[in-house]
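Examination of the molecular architecture
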Amino acid sequence: MLEIKDIHANINGKEILKGLILKVNPGEIHAIMGPNGAGKSTLASVLTGNPAFEVTHGSISFHGKDMLELSPEQRANEGIFLSFQYPVEIPGVSMVNFMRTAINEQRKYRQLEPISATDFLRLMREKKELVEMDNKLTNRSVNEGFSGGEKKRNEIFQMAMLDPDLSILDETDSGLDIDALRIVANGVNKLKTDKNATIVITHYQRLLDYIVPDFVHVLYDGRIVKTGDKNLALELEEKGYDWIKKEVDGE
Amino acid sequence: MAEDILHEVTQTDYKYGFTTDIETDIIPVGLNEDVVRLISAKKKEPEWMLEYRLKAYRHWTTMKMPEWAHLKIPEIDYQSISYYAAPRKNAPKSLDEVDPELLNTFNKLGIPLEEQMALSGIAVDAVMDSVSVKTTFKETLAEKGIIFCSFSEAVEHHPDLIQKYMSSVVPVTDNFFAALNSAVFSDGSFVYIPKGVRCPMELSTYFRINAVNTGQFERTLIVADEDSYVSYLEGCTAPTRDENQLHAAIVEIVVHKNAEVKYSTVQNWYPGDKDGRGGVYNFVTKRGICKGENSKLSWTQVETGSAITWKYPSCILQGDNSSAEFYSVAVTNHHQQADTGTKMIHLGKNTRSHILSKGISAGLSNNSYRGLVRVNPKADNARNFSQCDSLLLGDKCGAHTFPYMEVNNETAIVEHEATTSKISEDQIFYCNQRGISTEDAVGLIVNGYAKEVLNKLPMEFAVEAQKLLQITLEGSVG
Ligand SMILES: Nc1ncnc2c1ncn2[C@@H]1O[C@H](COP(=O)(O)OP(=O)(O)OP(=O)(O)O)[C@@H](O)[C@H]1O
Ligand SMILES: [Mg+2]
């Protein structure tokens, strides 16, 4: 479903991704780990078309379409969702209005009629329950004054609302308390089908206890330098990254 | 791309003439006493009206254009302007003959079909005839003794009221543009609500078709007698292209004891192209007086058009316990300049005023709030609260706030708050990632920001104004 070939990407003239390769099939869960500054969030930005980053080489295809040709909103409406590492606040825009706009844009893209008010409210209620999201939060402006954990929960709520084919969770676990982590992770698992795929970016094994990955990749210096199964995450938790860095840098 | 559409649309000339009975020649350009006499004669005005115009004209010749606003105003040659617009010939006969791009914008704004016809310049009579609501409307108003007519008709049929109230709020000598308007005003509207009458409908909907008509020197007078109420709506959300570059209108409002007037405007005159060529200069004097006790005046404005806006809808709070509100959204894009705000003059005891100004600047534009709150020595317990917010799109535009306070009574409480915020690229990208285009994202954010003011507008107008904000800012981010 997703095929990233030899991607190179810059920000402000500095090369961050240096020939990254990744293939994701429907039904799979991929974990991406790696030291701070390795380029994990950059990968998420490049996949979703953040204009701050410039792709200088390589290709990204999703459902057989060339993503680099599409605008960020087109990619989103093709079914790529990013749970942001740092969700922004949008004062004055209510969650309800925001979500309804997003859903209707997606429906328009797929040549469907706008959602009816009752269907929308039912959907909101159902998905709020899934991530045990407080009504008080959905009555406010997007992320405005939300705590760090509330913002992360709100990301997964939006993911549930939009039902993407590919979800990228960028450190969704950071900032969540122990109970919230379980609730949010269970939410993600409930949304999992054999048609959709998930890329989980995380620093901690803890999240992977709940969301069990089929593959674990180590991203280091702009490339995926090691791939294994879920046991690789355990090994990293124990040993850190030094041994991998040595392996790579020693090459 | 979207910008091009708007550009296209605003390039289209669809101004139409005044009324059918002044099917006439054109007065040559320039301004002198003879031209003033000619205007008055063409309008078949009584002697006192001519005298009024001449007095205004003579005073105007002694005045200079004000220079204190935060505006760069190109030299205006007042002798190269024609002060009497000729009716338009070869108007389209049906919507089929109208530029489809223009119709597209009308549809985007959700403007009803009859109004689209009028705005496109299709023969006015035909349009009016198709608006069946017109007659019932007039009958209802007449039953209640409400006078609502063109200014010219009022001069003819209600000279006593006009002579009593005209210039009672904005004197002929008030300022350069007010004097000019008083000398050459073309037409406008007159409203009188008798004692104890609550006007049963918004003075709006069909009537705003007429508003497009009133030309460059428009004059409005609204009088609300004791215990009466009226909500008045002026302007139009449709992009109005006008070859008249200079607009200098006057609006006067008199609110008597226990009466209330709500005045709402949406101003969308041609703002010039994106390189700053052309566009209307809008120098307006709007002022109301809360004359009697417990009277109430509320101004709501949505300003999106014009190349230059100079406009300060104000209120004199004379009656004890009277109150006034000013709610404003002013949007500037490209090279537009706006210097707008209000004056609240507290004279009576326990008078209250509330100012809420929301400025939005994009492109290379400049947007200033200028507001005066004055509390006179006798205005015991006067209260004012002012909130002035600025929203910036991009980093090449300017937002400025000039609050003036003159408080001469120590029991007064005058408060001022100001904020400045910016739409960030991160916010836009966040919306994009949820499938929302940049234009829609800007629309969402801007409408959220302006919500409190838009909510003050009559319902059907609020919806159009919302869309208008978004259209005005198309192409300003990303
Ligand atoms: N706007 C920017 N200007 C310059 N450098 C940037 C910018 N954004 C990111 N970078 C740099 O790109 C590199 C990769 O950043 P990225 O956010 O992708 O790392 P990460 O792997 O997600 O790290 P973390 O685990 O800390 O979230 C870092 O060195 C970072 O400083
Ligand atoms: Mg990161």
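A few points on the structure.

The rules we used
- Residues numbered from 1 in each chain as written.
- Chains lettered and ligands numbered in written order.
- Predicted model: local features only at pLDDT ≥ 70, side-chain atom pairs only at ≥ 80, totals over all residues.
- Heavy atoms only, no water.
- Helix = DSSP H or I, 4+ residues; strand = E, 2+ residues; numbered from the N terminus.
- Buried < 20%, exposed > 50% of the residue type's maximum accessible area, 1.4 Å probe, protein only.
- Contact = heavy atoms within 4.5 Å.
- Areas by Shrake-Rupley, 256 points an atom, 1.4 Å probe, with all protein chains shown as cover.
- Rg over C-alpha atoms; globule rule 2.2 N^0.38 Å.
- Lys, Arg positive; Asp, Glu negative; His and termini not counted.
- Charge placed at Lys NZ, Arg CZ, Asp CG, Glu CD.
- Donors = N, O, S within 2.8 Å, 3.2 Å for Na, K, Ca; no water.
- Expected span 1.5 Å × (residues − 1).
- Arc of directions from axis to C-beta.
- Phe/Tyr/Trp six-rings, centres within 6.5 Å; stacked < 30°, edge-to-face > 60°.
- Lys NZ or Arg CZ within 6 Å of the ring centre and 35° of its normal.
- Buried area = accessible area lost by both parts, 1.4 Å probe.
- Salt bridge = Lys/Arg side-chain N within 4 Å of Asp/Glu carboxyl O.
- Axes fitted to C-alpha atoms, helices over the stretch in contact; angles between N-to-C directions.
- Parallel < 35°, antiparallel > 145°, perpendicular 65-115°, else oblique.
- Left-handed = near helix turned anticlockwise from the far one by under 90°.
- Nonpolar A, V, L, I, M, F, W, Y, C, P; charged D, E, K, R; others polar.
- Near = heavy atom within 4 Å.
- Polar contact = N/O pair within 3.5 Å; in protein donor to acceptor, adjacent residues only side chain to side chain.
- Pairing = 2+ DSSP bridges.
- Core = buried A, V, L, I, M, F, W, Y, C linked by side-chain atoms within 4.5 Å.

Counting its secondary structure elements, chain B contains 14 helices and 18 strands. Taken across its 478 residues, chain B has 60% of its residues classed as buried. Considering only residue pairs separated by 6 or more positions, chain B has 86% of its internal contacts joining residues 24 or more positions apart. With an accessible surface of roughly 18700 Å², chain B has 50% of that area assigned to carbon and sulfur atoms.

On to the overall build of chain A, then. Looking only at helices and strands, chain A features 10 helices and 12 strands. Here the C-alpha radius of gyration of chain A, 18 Å, is about what a compact globule of 251 residues would show, namely 18 Å. Principal-axis analysis of the C-alpha atoms places the extent of chain A at approximately 60 × 40 × 35 Å. Buried positions account for 55% of the 251 residues belonging to chain A. Of the contacts made within chain A by residues no fewer than 6 positions apart, 69% connect residues no fewer than 24 positions apart. Carbon and sulfur atoms provide 47% of the accessible area of chain A, an area that totals close to 11500 Å². Across chain A, the centroid of the 31 positively charged side chains sits 3 Å from that of the 39 negatively charged ones.

Once that is clear, we can look at the coordination of the magnesium ion (ligand 2). Residues and elements named next belong to chain A. Only Ser41 (OG) and Gln85 (OE1) from the protein reach the magnesium ion (ligand 2) as donors, at distances of 2.0 to 2.2 Å. Of this pair, Ser41 sits in helix α1 (residues 40-48) while Gln85 is found in the loop between β6 (80-83) and β7 (90-94), placing the two residues 44 residues apart along the sequence. You can call Gln85 buried: its relative accessible area is 16%.

All names here are of chain A. The end-to-end C-alpha distance of helix α4 (residues 117-130) is 20 Å, a good match for the 20 Å that 14 residues give at a rise of 1.5 Å each. Within the sequence span of α4, burial applies to Phe120, Met124, Lys127, Lys128 and Leu130. Down the axis of α4, the buried set is contained in an arc of 150°. They therefore lie on one face. Exposed residues pointing more than 90 degrees away from the buried face of α4 are listed as Thr118 and Glu129.

Applying the stated rule across the entire model yields 20 aromatic pairs over all chains. Between the aromatic rings of A:Phe84 and B:Phe429, the centroid separation amounts to 5.9 Å while the plane-to-plane angle is 85°, which identifies the pairing as edge-to-face. Highlighted residues: A:Phe84 in the loop between β6 and β7 and B:Phe429 in helix α12 (residues 425-433), drawn from two different chains. The burial state of A:Phe84 is the same as that of B:Phe429; both residues are buried. Taken together, a centroid distance of 5.5 Å and an interplanar angle of 80° make the contact between B:Trp310 and B:Tyr312 edge-to-face. Both residues of the pair, B:Trp310 and B:Tyr312, belong to the buried class. Of the aromatic side chains, those joined through ring pairs into one cluster are B:Tyr57, B:Trp60, B:Trp68, B:Tyr78, B:Phe176, B:Phe177, B:Tyr281, B:Phe283, B:Trp310 and B:Tyr312. The side chain of A:Lys239 reaches across the aromatic face of A:Trp243, ending 4.4 Å from its centre. B:Arg198 extends its terminal NZ or CZ atom over the ring of B:Tyr229, reaching a point 4.0 Å from the ring centre.

Quick look at the interface of chain A and chain B now. Counting from both sides, the interface comprises 29 residues of chain A and, opposite them, 17 residues of chain B. Regarding the contact of chain A and chain B, the summed buried area is about 1900 Å², with carbon and sulfur atoms giving 65% of it. Of all residues in chain A, A:Glu73, A:Phe84 and A:Val88 bury the most surface against chain B, accounting for 25% of the area lost on that side. Taken together, chain A and chain B are joined by 1 salt bridge.

What follows is about the packing of helix α3 (residues 95-109) of chain A against α4(A). Residue and element names in this part refer to chain A. Closest axis-to-axis distance for the α3/α4 pair is 11 Å, and the angle between their directions is 110°. The angle between α3 and α4 falls in the class roughly perpendicular. As for how α3 packs across α4, the hand of that crossing is right-handed. Listed contacts from α4 to Val96, Met99, Arg100 and Ile103 of α3 are Phe120, Leu123 and Met124. Looking at the contact of α3 with α4 residue by residue, the classes come out as 6 nonpolar, no polar and 1 charged.

Let us now look at the packing of helix α6 (residues 148-162) of chain A against helix α7 (residues 178-191) of chain A. Residues and elements named next belong to chain A. Where α6 meets α7, the closest approach of the two axes is 10 Å, and the angle between their N-to-C directions is 15°. The angle between α6 and α7 falls in the class roughly parallel. Once α6 is placed against α7, the crossing between them reads as left-handed. For the pair α6 and α7, contact is made by Arg153, Ile156, Met159 and Ala160 and by Ala180, Ile183, Val184, Val188 and Leu191, respectively. Grouping the amino acids of the contact of α6 with α7 by side-chain chemistry returns 8 nonpolar, no polar and 1 charged.

Turning our attention to the site of ligand 1. All names here are of chain A. In the vicinity of ligand 1, 15 residues are found, and the nearest of them are Gly37, Lys40, Ser41, Thr42 and His203. In this structure, Thr42 approaches ligand 1 through a side-chain N or O atom, which is 2.5 Å from an oxygen atom. Within the contact set of ligand 1, an oxygen atom lies 3.1 Å away from a side-chain nitrogen or oxygen of Gln85. In isolation ligand 1 offers 640 Å² of accessible surface; the protein chains occlude 65% of this area. A per-element tally of the shell around ligand 1 places α1 first, with 3 residues.

Here we take up the sheet that holds strand β12 (residues 323-332) of chain B. All names here are of chain B. Overall, parallel pairing links the 7 strands, which are arranged β4-β7-β9-β12-β14-β16-β18 in an open sheet. Each edge of the open sheet carries a strand with a single partner, namely β4 (229-235) and β18 (413-422). The mean angle between the axes of side-by-side strands here comes to 5°, regardless of whether they run parallel or antiparallel. Sitting on the sheet, helix α13 (residues 438-454) is in contact with β9 (296-303), β12, β14 (352-361) and β16 (383-392), with an inclination near 155° to β14.

Another aspect to go through is unusual backbone geometry. The phi torsion at A:Gln111 lies on the positive side, around 60°, for a residue other than glycine. Structurally, A:Gln111 can be placed in the loop between α3 and α4. Overall, the relative accessible area of 73% leaves A:Gln111 in the exposed class. Backbone geometry at B:Asn321 places phi at a positive 60°, although glycine is not the residue there.

Take the nonpolar core next. Residues A:Leu2, A:Ile4, A:Ile90, A:Phe98, A:Met99, A:Ile199 and B:Ile360 are the most contacted members of the largest nonpolar core, which totals 112 residues. No other element matches α13(B), which puts 9 residues into this core. Those residues in contact with A:Phe98 that sit more than four places away from it in its chain are A:Ile90, A:Val93, A:Val142, A:Gln158, B:Tyr430, B:Cys431, B:Arg434, B:Ile436 and B:Leu444. One finds B:Leu31, B:Ile76, B:Ile162 and B:Phe190 within the second-largest nonpolar core, a separate group that totals 56 residues.

Attention now moves to the sheet that holds strand β5 (residues 65-66) of chain A. All names here are of chain A. Spatially, the 4 strands line up as an open sheet ordered β2-β1-β4-β5, and their pairing is antiparallel. The sheet terminates laterally at β2 (14-24) and β5, the two strands that pair on one side only. One ladder, built from 2 bridges, connects strand β4 (residues 53-62) with β5; its direction is antiparallel. Among the inter-strand pairings, Ser61 is bridged to a residue of β5, identified as Asp66.

A word on the pairing of strand β2 (residues 187-193) of chain B. Within a regular strand, side chains alternate between the sheet's two faces. Residue and element names in this part refer to chain B. Of all 7 residues making up β2, 7 are buried, and the element is well covered by its neighbours. Strand direction decides the pairing type here: strand β1 (residues 147-150) and β2, joined by 4 bridges, are antiparallel. The partner of Ser150 across the bridge, within β2, is Ser189. Pairing geometry for β2 and strand β3 (residues 218-224), over 7 bridges, is parallel. Its bridge partner lying in β3, Phe190 is registered against Leu221.

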